[in-house]
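Coordinates in review
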Amino acid sequence: MSLRRMSWTTILLVMVIVISGCAKKVPPPPPQPPAPPPPAVAPPPPPPPPPPPPPPAPVTPPRPLTEDEIFQRKTLAELNAEMPLGDVRFDYDMSSIRDDARPVLQRNADYMRRWMSIKVTVEGHADARGTNEYNLALGERRAASVRDYMVSLGIAGDRILAISKGEEEPLCMDMTEACYTMNRRGHFIITAK
């Protein structure tokens, strides 16, 4: 029996092992589910666009210059190039103011009254006929005649210098009556302002 007993013990032991091996194993606990993702947070709204830049300040155009400012900015050369003072013509061998010269001299006097600071030189010119000495004297009489007429219109005599150019600075070189007429003149030059 001993063999029998051993065999039964062995069989029993094998059965216990088999039964215990067939026993249902308890599965390990399931792994923890992953943490739920955080609730989807909507991204913050984009910042509002920056306000548009303010409109540029309106550019105010520079104030136009006054007549006085324009006058003050001009040089004597610029003023004389504009010829604001008109020349007057004389008859042959004469130094008296002609009737057609009076309105010109009136405008010149008005200009000098408007611009009280200016001083002028009146050049007396003659045509080429006659001697140099005679034409210098005639030019002097013409310049003095213009100066005296301007003084009679209210312009101070110390603002007008009268000189003679005689026949030395003609406007026209032709030996024609038209040229002679152009050369017999009282010519204004602004010398100070």
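Here's what I pulled together on the structure shown here. The shown structure was predicted, so the numbers you read here are calculated from the model rather than taken from an experiment.

Another point: the side chain of Arg-142. Structurally, Arg-142 is set in helix 5 (residues 132–152). For the buried residue Arg-142, which engages in no salt bridge, the nearest side chain bearing the opposite charge is Asp-127, 6.0 Å off. Within polar-contact distance, the side chain of Arg-142 engages the backbone oxygen of Asp-91 at 3.1 Å.

This part takes up the sheet that holds strand 4 (residues 185–192). One open sheet accounts for 4 strands, arranged 1-4-2-3; its pairing is mixed. One side of each edge strand has no neighbouring strand; the edge strands of this open sheet are strand 1 (88–89) and strand 3 (160–166). Looking at chain direction, strand 2 (residues 119–125) and strand 3 are connected through 6 bridges and run parallel. By the bridge assignment for strand 3, Val-120 is matched with Ile-160. Here helix 4 (residues 102–114) sits on the sheet in contact with strand 1, strand 2, strand 3 and strand 4, set at roughly 5 degrees to strand 4.

With 13 residues, helix 4 ought to run about 18 Å at 1.5 Å a step, and its terminal C-alpha atoms sit 18 Å apart, in line with that. Buried within helix 4 we find Val-104, Leu-105, Asn-108, Ala-109, Tyr-111 and Met-112. Buried residues of helix 4, seen end-on, are gathered within an arc of 160 degrees and therefore sit on one face of the element.

Summarising the element assignment, Glu-169 is placed in the loop between strand 3 and helix 6 (177–183). Look at Glu-169 and you get partly exposed, because its relative accessible area is 38%. When the C-alpha positions of Glu-169 and Asp-127 are compared, they lie 9.3 Å apart, and in sequence the two are 42 residues distant. Beyond its immediate stretch of four places on either side in the chain, Glu-169 contacts Glu-123, His-125 and Arg-185.

Once that is clear, we can look at the state of the cysteines. In total, this model carries 1 disulfide according to the counting rule given. Disulfide pairing is shown between Cys-172 and Cys-179; the S-S distance is 1.5 Å.

A word on the environment of Asn-108. Structurally, Asn-108 can be placed in helix 4. Sequence separation of Asn-108 and Leu-85 is 23 residues, and the distance between their C-alpha atoms is 5.2 Å. Not counting the four nearest positions on each side in its chain, Asn-108 is found in contact with Pro-84, Leu-85, Gly-86, Met-150 and Phe-188.

This brings us to the environment of Cys-172. Among the secondary structure elements, Cys-172 is positioned in the loop between strand 3 and helix 6. Cys-172 gets classed as buried once you look at its relative accessible area, which sits at 15%. Placed 11 residues apart in sequence, Cys-172 and Asn-183 show a C-alpha to C-alpha distance of 6.6 Å.

Criteria and cut-off values
Residues numbered from 1 in each chain as written. Predicted model: local features only at pLDDT ≥ 70, side-chain atom pairs only at ≥ 80, totals over all residues. Heavy atoms only, no water. Helix = DSSP H or I, 4+ residues; strand = E, 2+ residues; numbered from the N terminus. Buried < 20%, exposed > 50% of the residue type's maximum accessible area, 1.4 Å probe, protein only. Lys, Arg positive; Asp, Glu negative; His and termini not counted. Salt bridge = Lys/Arg side-chain N within 4 Å of Asp/Glu carboxyl O. Polar contact = N/O pair within 3.5 Å; in protein donor to acceptor, adjacent residues only side chain to side chain. Pairing = 2+ DSSP bridges. Contact = heavy atoms within 4.5 Å. Axes fitted to C-alpha atoms, helices over the stretch in contact; angles between N-to-C directions. Expected span 1.5 Å × (residues − 1). Arc of directions from axis to C-beta. Disulfide = S-S within 2.5 Å.

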